[in-house]
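# Structural description and commentary
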Amino acid sequence: MLRSNTYTWELPLLSRAYEAVNSVAIAPESVEELAAEEEMAAAYAHCNELTAQHSRSFHLASALLPAGKREAARALYAFCRISDDTVDELGDEAPAHLEAWRARAMASTVPAGDPVALAWADARTRYQIPGQYAEQLLDGVARDFEQTRYETFEELAAYSYGVASTVGLMSMHIIGFQDEQAIAYAVKLGVALQVTNILRDVGEDWRAGRVYLPQEELAAFGLSEDDLAAGHVDDRWRHFMRFQIARNRRLYEEAWPGIGLLDPDGRMAIAVAAGVYRAILDDIEAHDYDVFNRRAHVSTWGKLRRLPGLWWRSRSFNFRR
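Residues numbered from 1 in each chain as written. Predicted model: local features only at pLDDT ≥ 70, side-chain atom pairs only at ≥ 80, totals over all residues. Heavy atoms only, no water.

## Notes on the overall build of the chain
Helix and strand counts for the chain come out as 16 helices and zero strands. Principal-axis analysis of the C-alpha atoms gives the chain an extent of 60 × 50 × 40 Å. A total of 321 residues make up the chain; the buried ones form 55% of that total. Looking at the chain alone, contacts between residues at least 24 apart form 76% of all its contacts between residues at least 6 apart. Surface summary for the chain: the accessible area is close to 14,600 Å², and the carbon and sulfur share equals 52%. Side chains of the chain carry 34 positive and 47 negative charges; the gap between the two charge centres is 9 Å. (Helix = DSSP H or I, 4+ residues; strand = E, 2+ residues; numbered from the N terminus. Buried < 20%, exposed > 50% of the residue type's maximum accessible area, 1.4 Å probe, protein only. Contact = heavy atoms within 4.5 Å. Areas by Shrake-Rupley, 256 points an atom, 1.4 Å probe, with all protein chains shown as cover. Lys, Arg positive; Asp, Glu negative; His and termini not counted. Charge placed at Lys NZ, Arg CZ, Asp CG, Glu CD.)

Below is the structure:
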């Protein structure tokens, strides 16, 4: 059933998400046979270190999960991290490396000597993560090989689904959820999180040759890529960013009730992930929308001081259909 605040750009994304949830989880039958207990523990420890190194926010949020789910969530993060880094860091060889990684990460047998692939194989088998979600993520990150500009927000939302909503949908299977209504909320939250990334990284993306901001919306505020190159904050840019941030916050609010459809022991983790990321928008505002010369962030204290309020909100869900 569609909610009253379902946007037209969501419809194709929801179609993809609902189709994928019934796809077969690719389950390597040989995980337990080929990996000794010590090897598996080392693989999960490697994923934990990778998560701590690259995303303190995700590491903090996943720390609030029970041990088994926490391990699986960090294996999922490591799978996504390797996928993303393969696109960003290997130049002309990246497409071939990504396909090789796809083959290892989605193999029906456990690849030897790859701790991330091993932990990911165990996690996706244990929690029956639909294989099509992982394939959609890999397709999403591969899109950066071919497309560096997005004309409309609808196009940007489709990209965000591939690289972010899919992560939330896979996380749902690790955390556990009450029914498939949760899918629509996870799709929207993923778009919100990815748009926050995009707003934070405008300058960094420009230097990498990419503009994720919708071209038609830049034009509507009298902006062009020359303005991004100049990196100058003026009233046109402020008005543009206020519009972007207002929509982004609305997406967070509309996605929030879906957390109430998750298993109770996982709600706080997702609430913290969403709350900390949303706070990046506050930091952008506090620095006069300058995302050209600094990378907006939330300090450790800023994260910690938000925990009580996020805990209270996550405890007070009263979800209604």
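## Points about the pattern of salt bridges
Scanning the model with the defined rule gives 25 salt bridges in all. Between Asp85 and Arg81 there is a salt bridge; the shortest N-O distance is 3.0 Å. Taken as a pair, Asp85 and Arg81 lie in helix H5 (residues 67–89) at a separation of four residues, close to a single helical turn. Judged by relative accessible area, Asp85 falls into the buried class, the value being 14%. In this structure, the salt-bridge partner of Arg249 is Glu285, at a minimum N-O distance of 2.8 Å. Of the two residues, Arg249 is situated in helix H14 (residues 235–255) and Glu285 in helix H15 (residues 264–286); the sequence distance between them amounts to 36 residues. The network of salt bridges with shared partners includes Glu99, Arg102, Glu135 and Asp139. (Salt bridge = Lys/Arg side-chain N within 4 Å of Asp/Glu carboxyl O.)

## Regarding unusual backbone geometry
One non-glycine residue, Gln128, lies in positive phi territory at about 50°. In this fold, Gln128 is placed in the loop between helix H7 (115–126) and helix H8 (131–142). The phi torsion at Asp288 lies on the positive side, around 55°, for a residue other than glycine. Secondary-structure assignment places Asp288 in the loop between H15 and helix H16 (300–315). When its relative accessible area of 33% is taken as the criterion, Asp288 is described as partly exposed.

## So, the side chain of Asp144
Residue placement: Asp144 occurs in the loop between H8 and helix H9 (153–175). In this structure Asp144 touches Val87, Tyr150, Tyr159, Arg210 and Tyr212, once residues within four positions along its chain are discounted.

## Comments concerning the packing of H8 against H9
It is the contact of H8 with H9, at a shortest axis distance of 8 Å, that shows an interaxial angle of 155°. Overall, the two elements H8 and H9 adopt an arrangement that is roughly antiparallel. Note that H8 runs across H9; the crossing there is left-handed. In contact with Tyr133, Ala134, Gln136, Leu137, Gly140 and Val141 of H8, H9 contributes Tyr159, Tyr161, Gly162, Val163, Thr166, Val167, Leu169, Met170 and His173. (Axes fitted to C-alpha atoms, helices over the stretch in contact; angles between N-to-C directions. Parallel < 35°, antiparallel > 145°, perpendicular 65-115°, else oblique. Left-handed = near helix turned anticlockwise from the far one by under 90°.)

## Some remarks on the confidence of the model for the chain
For the chain, per-residue confidence averages 90 on the pLDDT scale, and 93% of positions sit at 70 or higher. Taken element by element, the chain is modelled with least confidence in helix H2 (residues 31–34), mean pLDDT 55, and with most confidence in helix H12 (residues 215–220), mean pLDDT 98. (pLDDT = per-residue confidence, 0-100.)

## What to know about the packing of aromatic side chains
With the rule as written, the count across this model stands at twelve aromatic pairs. A network of ring pairs unites the aromatic residues Phe221, Trp237, Phe240, Phe243 and Phe292 as a single cluster. (Phe/Tyr/Trp six-rings, centres within 6.5 Å; stacked < 30°, edge-to-face > 60°.)

## Observations concerning the nonpolar core
Nonpolar side chains tend toward joint burial in soluble globular proteins. In this structure, Phe79, Leu213 and Trp237 are the most contacted members of the largest nonpolar core, which totals 104 residues. No other element matches H9, which puts 13 residues into this core. Not counting residues within four places of it along the chain, the set of residues in contact with Trp237 comprises Val202, Leu213, Leu218, Leu223, Leu228, His232, Tyr289, Val291 and Phe292. (Core = buried A, V, L, I, M, F, W, Y, C linked by side-chain atoms within 4.5 Å.)

## A few points about helix H3 (residues 37–54)
Here H3 contains 18 residues, and its C-alpha end-to-end distance of 26 Å stays within 8% of the 26 Å for a straight helix at 1.5 Å per residue. Met40, Ala43, Tyr44, Cys47, Leu50 and Thr51 are the residues of H3 that are buried. Looking down the long axis of H3, one finds its buried residues gathered within 115° of arc, a one-sided arrangement. Projecting away from the buried face of H3 at angles above 90 degrees are the exposed residues Glu38, Glu49 and Gln53. (Expected span 1.5 Å × (residues − 1). Arc of directions from axis to C-beta.)

## Some words on H7
Compared with the 16 Å implied by 1.5 Å per residue over twelve residues, the 16 Å span of H7 between its first and last C-alpha is a close match. A large share of H7 lies buried, amounting to nine of its twelve residues. The complete set of buried residues in H7 reads Val116, Ala117, Leu118, Ala119, Trp120, Ala121, Asp122, Ala123 and Arg124. A distance of 3.3 Å separates the backbone nitrogen of Val116 from a side-chain oxygen at the start of H7, and that oxygen is part of Asp114. Phi for Gln128, located one or two positions after H7, is positive at around 50°. (Polar contact = N/O pair within 3.5 Å; in protein donor to acceptor, adjacent residues only side chain to side chain.)

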